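# Residue-level structural notes
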Amino acid sequence: MIPARYAASRFPAKLMQDLSGKPVIVRTYEAAVKTGLFDAVYVVTDSDIIHDTITEAGGLAIMSKKEHDCGSDRIAEAVSEMDVDIIVNVQGDEPFTDRESLAGVLDVFKKDDEKEIDLASLMVKITDEEEIENPNTVKVIVDNRNFALYFSRSPIPYPRAKNEETIYYKHKGIYAFRKSALMDFQRLPMLMLEATEKIEAIRYLEYGKKIKMVETSVSGIEIDTPEDLEKAQAAWK
């Protein structure tokens, strides 16, 4: 499931911007299909423009309500009547989505601790100081089994002793949910931490859900700004 809003606060209509001859959302859809990992791939959108663009490109699209606060709510509405076990959320602004990363989040549901896992997501190590400090980059800290402890727009952990080696992980907004966890998310109200940080993954933690984080070396390019689009255009081959 690829949630796709036409409006975006930092870069309006970003999903319809041209990326080497096709809109960003079409590139992302094609990347998800190309992995060969899924029984079906859908774009879930409140926009007639995005819906028609995907269907005209031969893809599958579902119209959703306009008033959803986040992608998880939008997907929950779309899958509520579907007979599915695991749903993967791929962000619409990630045209460089790759098979290795998506296979990684799916594989955790086949491991020994899979019964503990409500959802899985991706993280990538970052070292650039500007990215670590950037509030648009969501950071995550994990326990010794790679279960998420917290997500923040602030640099976490804070390096109190500057001479200590500190590792930072960026949260990549790709999730694999059990359907039950996604349905719970939809019915549970937003609490203070999620409202403060504006990070939907925090809602799962606030209600005691277990998020297994999978480290990937594939950073890709998320298109949040016009500058990101320029980087994507330069990188596209």
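Scoring rules and cut-offs
- Residue positions within a chain follow its written sequence, with the count starting from 1.
- Totals for whole chains, interfaces and linings use all residues, but because this is a predicted model, local features are given only for residues with pLDDT of at least 70 and pairs of side-chain atoms are given and counted only at 80 or more.
- Note that water and hydrogens are dropped before the side-chain values are worked out from all heavy atoms of the structure.
- Grid spacing is 1 Å over the protein atoms alone, the probe is 1.4 Å, and a cavity is where that probe fits but cannot get out, while a pocket is an open set with protein on both sides within 12 Å along at least five of seven lines and lining residues have an atom within 4 Å of a point.
- Grid points are joined across faces, edges and corners, and a volume is the space filled by probe spheres set on the points.
- Strands are runs of DSSP state E lasting at least two residues, helices are runs of H or I lasting at least four, and both sets are numbered from the N terminus onward.
- Gly is placed with the polar residues, together with every amino acid not listed as nonpolar (Ala, Val, Leu, Ile, Met, Phe, Trp, Tyr, Cys and Pro) or charged (Asp, Glu, Lys and Arg).
- Two N or O atoms form a polar contact when they lie within 3.5 Å of each other; inside protein one atom must be a possible hydrogen donor and the other a possible acceptor, and for residues adjacent in sequence the pair counts only when both atoms belong to side chains.
- Every residue pair with non-hydrogen atoms within 4.5 Å of one another is taken to be in contact.
- Side-chain rings of Phe, Tyr and Trp (the six-membered ring for Trp) are treated as a pair once their centres are within 6.5 Å; stacked means planes under 30 degrees apart, edge-to-face means over 60, and tilted covers the remaining angles.
- Note on classification: 1.4 Å probe, protein chains only; a residue is buried when its accessible area is under 20% of the maximum for its type, exposed when over 50%, partly exposed between these limits.
- Each reported salt bridge corresponds to a side-chain nitrogen of Lys or Arg within 4 Å of a carboxyl oxygen of Asp or Glu.

### What to know about the layout of surface pockets
- When its volume is computed, the largest pocket comes out at roughly 1,600 Å³.
- At the level of secondary structure, the elements contributing two or more residues to the lining of the largest pocket comprise β1 (2-4), α3 (71-79), α5 (129-133), β10 (168-178), α7 (192-197), α8 (201-206) and α9 (226-235).
- Of the residues contributing to the lining of the largest pocket, the split by class is 14 nonpolar, 12 polar and 22 charged.
- In this structure, the second largest pocket occupies an estimated 440 Å³ of space.
- F38, D39, A40, I86 and I87 are, among the 19 residues lining the second largest pocket, the residues nearest its centre.
- By residue number, the principal contributor to the lining of the second largest pocket is strand β6 (residues 86-89), which donates three residues.
- Considering only residue class, the lining of the second largest pocket consists of 16 nonpolar, no polar and three charged.

### Focus on the side chain of S121
- You can see S121 is positioned in strand β7 (residues 119-126).
- Polar contacts involving the side chain of S121 include one to the side chain of H171, which spans 2.7 Å.
- In this structure, S121 is in contact with V105, H171, K172, I174, Y175, I211, K212, M213 and V214, ignoring residues within four places of it in sequence.

### With respect to the packing of aromatic side chains
- Following the criterion strictly, the structure yields four aromatic pairs and no others.
- With 5.5 Å between their ring centres and 20° between their planes, Y175 and F177 make a pair best called stacked. Exposure class is identical for Y175 and F177. Each is buried.
- On the basis of an interplanar angle of 25° and a centroid distance of 4.7 Å, the ring pair of F185 and Y204 is categorised as stacked. Of this pair, F185 sits in helix α6 (residues 179-187) while Y204 sits in helix α8; the two residues are 19 residues apart in sequence, bridging distant segments of the chain.

### Overview of empty space enclosed by the protein
- Taken as a whole, this structure holds one cavity of 30 Å³ or more when the rule is applied.
- In this structure, the largest cavity occupies an estimated 50 Å³ of space.
- As for the largest cavity, its lining consists of E94, F96, T97, D98, S101, L122, K172, I174, V218, S219 and G220.
- Looking at the lining of the largest cavity residue by residue, the classes come out as four nonpolar, four polar and three charged.

### Overview of the pattern of salt bridges
- Overall, the coordinates contain 15 salt bridges when judged by the stated rule.
- Among the salt bridges present, the one from D93 reaches K14, with a minimum N-O distance of 2.8 Å. Of this pair, D93 sits in the loop between β6 and α4 (99-107) while K14 sits in the loop between β1 and β2 (18-19), placing them 79 residues apart in sequence.
- D93 sits in the buried class, given a relative accessible area of 10%.
- Judged by its relative accessible area of 13%, K14 falls in the buried class.
- With a closest N to O distance of 3.6 Å, D107 and K110 form a salt bridge.
- Taking relative accessible area as the criterion, D107 reaches 31% and is therefore assigned partly exposed.
- A network of salt bridges, in which partner residues are shared, links K14, D93 and D224.

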